[in-house]
Amino acid sequence: AVRSAVRFAHMHTVLGFAEESATYRDCLLVRDTLEPLICRDAALARAADDIAALETILARMEQHVGEPAGYFKCNWELHRVIAGLSPNAPLRSIYLTLSEGLESMLEGPVIDEFDGAASVAIHRELVAAIAEGGGPRLERAIIAHTPLPRAALRALR
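Residues numbered from 1 in each chain as written. Predicted model: local features only at pLDDT ≥ 70, side-chain atom pairs only at ≥ 80, totals over all residues. Heavy atoms only, no water.

> So what's going on with the overall build of the protein chain? Which residues, and what values?
When you go through the protein chain residue by residue, the secondary structure sums to 8 helices and 0 strands. Taken over 157 residues, the protein chain has a buried fraction of 36%. Within the protein chain, residue pairs in contact and separated by at least 24 positions form 72% of the contacts whose partners lie at least 6 positions apart. Here the protein chain has roughly 8600 Å² of accessible surface; of this, 60% comes from carbon and sulfur atoms. (Helix = DSSP H or I, 4+ residues; strand = E, 2+ residues; numbered from the N terminus. Buried < 20%, exposed > 50% of the residue type's maximum accessible area, 1.4 Å probe, protein only. Contact = heavy atoms within 4.5 Å. Areas by Shrake-Rupley, 256 points an atom, 1.4 Å probe, with all protein chains shown as cover.)

What follows is the structure in structure tokens.
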């Protein structure tokens, strides 16, 4: 708990806003908005060994589909590795700082609804699209992966 508080305070200091002024939802909204940029950068910068590393993490995610805590630990790792592929230092830094803060806010969460198999499939397609490079497949994978565009599409129906 102390480590989480320190990481959370560090996030606010690095990003330059008061700790009490930002909610988990606020930080998640910004992180999710940056996610497509991170994925597009990763698709342009990826190498074969990067994809192999992502596939190794996906295999660990599959081993934890019935165990949300283990699954989400692997999920955060997958997103850190994808972000690490971005050559855009400010984008990568802001995204990783937000992700670390969000992860620390959720240590020990109670998860009511979790479909591990569906989540692995979404992430597996995202990694395959990154491996293929930019283009329509990547854009479809980003939409399928990012909660905000899905919610916006549902709202428009």
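Anyway, onward from the coordinates.
> Before we move on, could you go through the nonpolar core and cite the residues and values that matter?
By size, the foremost hydrophobic cluster in this structure holds 31 residues, and its most contacted members are Leu 54, Met 61, Leu 78, Ile 82, Leu 126, Ile 130 and Leu 138. Every element with two or more residues in this core is listed here: α2 (24-45), α3 (48-63), α4 (68-84), α5 (89-105), α6 (116-132) and α7 (136-145). Residues within four places of Ile 130 in sequence aside, it is in contact with Cys 39, Ala 42, Ala 43, Arg 46, Ile 51, Ile 82 and Leu 138. (Core = buried A, V, L, I, M, F, W, Y, C linked by side-chain atoms within 4.5 Å.)

> Please set out the packing of α2 against α5 residue by residue, giving values where relevant.
Interaxial distance between α2 and α5 falls to 9 Å at its minimum, and their mutual angle equals 135 degrees. Taken together, the axes of α2 and α5 are oblique relative to one another. Crossing of α2 over α5 shows left-handed handedness. Contacts from Tyr 24, Cys 27, Leu 28, Val 30, Arg 31, Leu 34, Glu 35, Leu 37, Ile 38 and Asp 41 in α2 reach Leu 91, Arg 92, Ile 94, Tyr 95, Leu 98, Ser 99, Leu 102 and Met 105 in α5. (Axes fitted to C-alpha atoms, helices over the stretch in contact; angles between N-to-C directions. Parallel < 35°, antiparallel > 145°, perpendicular 65-115°, else oblique. Left-handed = near helix turned anticlockwise from the far one by under 90°.)

> Explain α7 to me, using residue names and the numbers behind them.
Where α7 is concerned, the buried positions are Leu 138, Ala 141, Ile 142 and His 145. Each buried residue of α7 sits inside an arc of 100 degrees when the element is viewed along its axis, so together they form one side. Across α7 from its buried face, at more than 90 degrees, point the exposed residues Pro 136 and Arg 140. (Arc of directions from axis to C-beta.)

> So what about the pattern of salt bridges? Which residues, and what values?
Within this structure, the stated rule accounts for 8 salt bridges. For Glu 62, the salt bridge identified is with Arg 124, shortest N-O distance 3.3 Å. Pair noted here: Glu 62 is in helix α3 and Arg 124 is in helix α6, with a separation of 62 residues, a long-range link. A salt bridge links Glu 132 to Arg 137, with the nearest nitrogen and oxygen atoms 2.9 Å apart. (Salt bridge = Lys/Arg side-chain N within 4 Å of Asp/Glu carboxyl O.)

> Please give an account of the packing of α2 against α4 that cites residues and values.
Each pair of packed helices can be summarised by the angle the axes make with each other and by the distance between the axes. Between α2 and α4, whose axes approach to 9 Å, the crossing angle comes to 55 degrees. Compared by their axis directions, α2 and α4 come out oblique. Of the residues in α4, those touching α2 at Arg 31, Glu 35, Ile 38 and Ala 42 are Trp 76, His 79, Ile 82 and Ala 83. Broken down by class, the residue content of the contact of α2 with α4 amounts to 5 nonpolar, 1 polar and 2 charged. (Nonpolar A, V, L, I, M, F, W, Y, C, P; charged D, E, K, R; others polar.)

> Hey, could you go over the confidence of the model for the protein chain for me, with residue numbers and the actual values?
With 75% of its residues at a pLDDT of 70 or more, the protein chain has an overall mean of 82. No element of the protein chain has a lower mean pLDDT than helix α1 (residues 2-15), at 44, and none a higher one than α3, at 98. Residue range residues 1-15 is modelled with pLDDT below 50. Its contacts to residues more than four positions away, or to other chains, number 25 contacts. Predicted confidence for residues 149-157 stays below pLDDT 50, and this span has 4 contacts to residues more than four positions away or in other chains. (pLDDT = per-residue confidence, 0-100.)

> For the environment of Met 61, give the residues involved together with the corresponding values.
Looking at where Met 61 falls in the secondary structure, it is placed in helix α3. You can call Met 61 buried: its relative accessible area is 0%. Separated by 55 residues in the primary sequence, Met 61 and Gly 116 place their C-alpha atoms 8.3 Å from one another. In contact with Met 61, not counting residues within four places along its chain, are Tyr 71, Cys 74, Asn 75, Leu 78, Val 120 and His 123.

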